[in-house]
Amino acid sequence: MAVEEQRAGSRVSRPEIRLVRRGFTDPAQAVRLLAGPGLEGLADDPVLLDALGATADPDLALLGLARLLEAADEPDRHTLRDTLTTSKPLRDRLLGVLGASTALADHLARHPHDWHALVTFELRDMHPGPDDFLRALHQGVWENGAGNRADALRVAYRRCLLAIAARDLTGTTDLAQTAAELADLAGATLQTALDIAAQQDPDAARACRLAVIGMGKCGGRELNYVSDVDVIFVAEPQEGVDEYEALKAATRLAAALTRLCADTTGAGTIWPVDANLRPEGRNGPLVRTLASHQAYYQRWAKTWEFQALLKARPVAGDAELGADYLAALEPMVWQAAARENFVADVQQMRRRVIDSIPATELDRQLKLGPGGLRDVEFSVQLLQLVHGRTDPALRSGNTLEALAALSRGGYVGRADAASLDAAYRFLRSLEHRIQLHRLRRTHLMPKGPEDLRRLARSLAPLINDDTRADPVAALQREWKRHAVEVRRLHEKLFYRPLLDAVAELPAGAAGLTPDAARARLEALGYADPAAALRHLSALASGVSRKAAIQRTLLPVLLGWFADSADPDAGLLNFRQVSDALGRTPWYLRLLRDESAAAEQLARVLSAGRLAPDLLLRAPEAVAMLGDPQGLVPRGRAGLEQEILAAVGRADTTGAAVAAARSVRRRELFRTAAADVLGRLGDDPAEALEAAGEALTALNAATLQGALRACIAGWEARNGGLPTRIAVIAMGRFGGHELGYGSDADVLFVHEPLLGSLEHDAAKAAQAVCHELRALLAAPSTEPPLEVDADLRPEGRNGPLVRTLASYAAYYRRWSHAWESQALLRAEPVAGDEELGTRFRQLIDPLRYPGAGVPERDVVEIRRIKARIEAERLPRGADPTTHTKIGRGGLADVEWTVQLLQLQHGHELPALRTTRTRAALAAAAEAGLVGGEDAAVLDAAWVLASRVRSAVMLVRGRPGDSFPADARELAGVARYLGYGAGHSGELVDDYRRTTRRARAVVERLFYG
């Protein structure tokens, strides 16, 4: 038994089996309906049954036919039965509508005589235009006499819609013609509604000239079955009428027109008239004069408003005024791509659309979702705005016409345009069929199997698959195929032709001129289009396998670069990496086969200078982007093991330290790349701590390796080292809070071995530590590690290395309050562990004094802090945005926390930590700081630290203030999660956050 018969059940009669084989899913009901009133004698008519079986839903078609015959009067019922059995065109049109649309079936049940509308345009080559629709609507409205003309308009509209749907469902028209007819019907409906409004308010009609400008799909002659009809109203006073009075009159007419179309009483809504695309949106006046429109668009309009005007078209009202409107505004549309923030505005518009989609609908959205209709429309419009400035042939409001013009002009390859055309037609047809069922505005794929089966059967001619066995599966495959094609939209429509402009490609590809290619790159945000074209030419020209792979990769990479704050830097960095690795067999293969690796590389290369600079020094690090664990920072133990092994293999001290620095450079890139790509944690504070831990472990392991190398070198020259050495981390190093531009603040401590002379031990320790600092900071292809020992006793004037006993004597006799404060962050990180532990034991009583910090020391700490604020701020620096010593910055928060540690660390073990945030949390837990105050300080410290990291990542050199360069500031903002064009918001947020923190510091620190 066939699948359909099994689905219907095994206990079926022979007539029911025949119905199942024709596609009926409820054969029992079908048998009952065929035996009912109006259908007598048709149950055995194979022609009718075959026609029913060919519809999208045979059960629905039969039910609708039964209702129509039952509602028709006797003469009309007889005529309909005869026509059904003798006229194939009418039979196919009527049953096609009844099998696809319950809403139109309901209309025919209420107005059974309207089936005659399907006979009006019986010849296949006859299609109604605006005038035909206008005559049909006027006839339906004005024949109603003094009756309810609003209801008559709705009935007449549905009658016309019935004829359009019939031609659509039987293949008499294609998608473009159907959408155009729907738009023409909308224009005729608006004109009829305006005529009714004028007849109801003749004084208003005499006072003004009113034009209705169609926007969106109505203006582009590509309307859906059910959609808001977007319009803009423009009016001028009649001669001798005051402008104010004329606008009042025009507003009455426009409001009446809107009500007539959208009223839900009587025969039902036609569609809502949406005027929110007008200047100032819903907050602006409904009607403006032409001069008012011009003034607004010249001074205030945003990029998206010019993009919307691409589809503007007079559809009703005063035709001369409508033409004047277009003539006045069209020149402004074609200069929109030259606006300063064009790219940022366009990118923001698309993101806003995607972000507005509920997560539960994302996978079902035909219009707004990824790979949906809006993607095609959006990119076609972008290309029009960019190239339409110089090519009038592109200035069409219709998506398919514009796509064809772009292909003819060489802006899009012919094959690419054909592929997008097919995808757009399929998705729009799918949207049409979904809306036609109940005449409801929706862009979501249905979930129910019955709805999906009806759609699949309705669209069978458009599905490149056999729909007989499993129509639903075939529909899903076709939809996904087209969605995937559209997801490659930017490659297909925007980026690929850029390569065609610089590379020798096969015939049929797009042929952008150099000027057109530069215009497109400029519109994408490239500041130096000429240089970008040179890079593309160098990468993609030629017939080598390398160039062929680059031509596959570059269209996608260009899109990722364009989505960054500095596309030029991304493309330049990619060229440099490719030049360095182009002959390496795995490099291009990795990027071609691992799309995630390619995207990660593009994001890293265009996010700033630090990570690309590190990568360019050893491009083979690209390989870690293809490893799932490649961007996970390594721990101290693994790093130290690798560095010590590399040091042990080196022949000289210099080579050993260079090997340690090489490992550090690679791991710096790993951490920076992970940070840029958001792989260190979803929470900003979590990511900041992860970066600080990774950089601390890396510097500690590097110091350990360099110390081992320098000791080994000294011993090779002089025999055994007469002392033990420990390295104590200080400052942000000791607090595990290093940034990418931080020095390594340290103290060196040594202790002579038993039997060694102290003088010899000190001399050896000095030599080792001096060599360590010099080799780690020496000019090299590897990034330097500056080891700063200025926090030692007596600062730069004191010895670089002291014995433990010397430290004890100094701290006992000469230590200042600031030194106790500095020691709060001291932590052994390298060298002799036992000596480091003893040093910690030595300083604990100093940094956590048993009686608390004396009042004189508190006064001294406050005095020093105030002097730093007054004297150390760089000349010209803004104290509200300086992250280190500015208002509410790092120093404010850290000194406040450290004062609490000095005062209470002896009694609260939780305060005995080198980490700022941990100490602040412990102070809040102990009630030393209010919870809200602690949150304010923590937020300011995290934000200031992240800004410093971002500055280093973007500029490649450390900085404590926001960059003055707009592109660099945009890069910092992107790193911190702000979208394109929102750099100013970042600075405002920073000032607000640190201002609140400073208020807390004033109370807690200064008292």
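These numbers were taken from a predicted model, which means no experiment stands behind them.

**Looking at the overall build of the protein chain**
When helices and strands are counted, the protein chain shows 46 helices and 10 strands. Rg of the C-alpha trace for the protein chain: 38 Å, well past the compact-globule value of 30 Å for 1007 residues, more than 25% over. Considered along the principal axes of its C-alpha atoms, the protein chain spans approximately 125 × 75 × 60 Å. Within the span of the protein chain, comprising 1007 residues, buried residues form 55% of the whole. Counting contacts in the protein chain only where the partners sit at least 6 residues apart, residues at least 24 apart contribute 73% of the total. Of the roughly 42,100 Å² that the protein chain leaves accessible, carbon and sulfur atoms contribute 50%. The average position of the 125 basic charges and that of the 131 acidic charges among the side chains of the protein chain differ by 3 Å.

**Observations regarding the nonpolar core**
L430, L475, F574 and F748 are the most contacted members of the largest nonpolar core, which totals 177 residues. Non-local contacts of F574, meaning those with residues more than four positions away in its chain, are made with L539, Q550, L554, L557, F561, Y587, L591, L601 and L605. Listed in part, the 84 residues of the second largest apolar core include L48, V97, V231 and A246.

**With respect to the state of the cysteines**
Per the counting criterion, the structure on display carries zero disulfides. Left unpaired, C218 is separated from the closest cysteine sulfur, that of C261, by 10 Å. Classification of C218 as buried rests on a relative accessible area of 1%. The thiol of C710 is not disulfide-bonded; the next cysteine sulfur, from C769, is found 8.5 Å away.

**As for the pairing of strand β7 (residues 744-752)**
Of all nine residues that make up β7, seven are buried, and the element is covered over most of its length. Regarding topology, helix α37 (residues 758-777) serves as the crossover connection from β7 to the parallel strand β8 (residues 787-788), and that connection is right-handed. Strand direction decides the pairing type here: β7 and strand β9 (residues 801-803), joined by three bridges, are parallel. Its bridge partner being in β9, F748 is matched across the sheet by V801.

**Remarks on the pattern of salt bridges**
Summed over all chains, the structure comprises 67 salt bridges. We note a salt bridge from D790 to R796, for which the minimum N-O separation is 3.0 Å. By relative accessible area, which is 27% here, D790 ends up partly exposed. Residue R796 is classed as exposed on the basis of its relative accessible area, which comes to 68%. Between D892 and K865 there is a salt bridge, with the nearest N and O atoms lying 2.5 Å from each other. On the criterion of sequence distance, the pair formed by D892 in helix α42 (residues 890-904) and K865 in helix α41 (residues 855-871) is long-range, its members being 27 residues apart. Exposure class is identical for D892 and K865. Each is buried. When salt bridges that share partners are traced, they join R634, E642, R666, E667 and R670 into one network.

**Things to note about α37**
In a regular helix each residue adds 1.5 Å, so 20 residues correspond to 28 Å; α37 covers 28 Å between its end C-alpha atoms and thus fits that length. Where α37 is concerned, the buried positions are A761, A764, A765, V768, C769, L772 and L776. Angular distribution of buried residues about the axis of α37 spans 125°; they occupy a single face of the element. In α37, those exposed residues whose orientation departs by more than 90 degrees from the buried face are H759 and K763.

**A few points about the side chain of R288**
With respect to the helices and strands, R288 occurs in strand β4 (residues 287-288). What makes R288 buried here is its relative accessible area of 10%. A polar side-chain atom of R288 sits 2.3 Å from a polar atom in the side chain of E280. If near-sequence neighbours (up to four positions away) are discounted, R288 is found in contact with F233, V234, A235, L247, P279, E280 and H293.

**Some details on the pairing of strand β6 (residues 723-729)**
The buried count for β6 comes to six of seven residues, which makes it a mostly enclosed element. In terms of strand pairing, β6 meets β7 through seven bridges, oriented antiparallel. Bridging from a neighbouring strand, A729 pairs with V746 of β7. Where β6 and strand β10 (residues 827-831) come together, four bridges link them in antiparallel fashion. Directly across from I728, in β10, lies its bridge partner P828.

**As for the confidence of the model for the protein chain**
Confidence in the prediction of the protein chain, expressed as mean pLDDT, is 89, and 94% of residues score 70 or more. Note on residues 1-10: pLDDT under 50 across the span, and eight contacts to partners over four residues away in sequence or across chains.

**Description of the packing of helix α20 (residues 373-387) against helix α26 (residues 514-524)**
Packing of α20 against α26 brings their axes to within 9 Å, and their N-to-C directions diverge by 120°. As judged from the angle between their axes, α20 and α26 are oblique. Viewed along their axes, α20 and α26 form a crossing whose handedness is right-handed. Between α20, through L383, V386 and H387, and α26, the contact on the second element is made entirely by A516, A519, R520 and A523.

**Quick word on the packing of helix α23 (residues 449-458) against helix α24 (residues 471-487)**
In the contact formed by α23 and α24, the axes pass within 8 Å of each other and the chain directions differ by 70°. Here α23 lies roughly perpendicular to α24, going by the angle between them. The residues of α24 that touch α23, namely those facing P449, L452, R453, L455 and A456, are P471, V472, L475 and Q476.

Criteria and thresholds
- Residues numbered from 1 in each chain as written.
- Predicted model: local features only at pLDDT ≥ 70, side-chain atom pairs only at ≥ 80, totals over all residues.
- Heavy atoms only, no water.
- Helix = DSSP H or I, 4+ residues; strand = E, 2+ residues; numbered from the N terminus.
- Rg over C-alpha atoms; globule rule 2.2 N^0.38 Å.
- Buried < 20%, exposed > 50% of the residue type's maximum accessible area, 1.4 Å probe, protein only.
- Contact = heavy atoms within 4.5 Å.
- Areas by Shrake-Rupley, 256 points an atom, 1.4 Å probe, with all protein chains shown as cover.
- Lys, Arg positive; Asp, Glu negative; His and termini not counted.
- Charge placed at Lys NZ, Arg CZ, Asp CG, Glu CD.
- Core = buried A, V, L, I, M, F, W, Y, C linked by side-chain atoms within 4.5 Å.
- Disulfide = S-S within 2.5 Å.
- Right-handed = clockwise from strand over helix to strand, strands pointing away.
- Pairing = 2+ DSSP bridges.
- Salt bridge = Lys/Arg side-chain N within 4 Å of Asp/Glu carboxyl O.
- Expected span 1.5 Å × (residues − 1).
- Arc of directions from axis to C-beta.
- Polar contact = N/O pair within 3.5 Å; in protein donor to acceptor, adjacent residues only side chain to side chain.
- pLDDT = per-residue confidence, 0-100.
- Axes fitted to C-alpha atoms, helices over the stretch in contact; angles between N-to-C directions.
- Parallel < 35°, antiparallel > 145°, perpendicular 65-115°, else oblique.
- Left-handed = near helix turned anticlockwise from the far one by under 90°.

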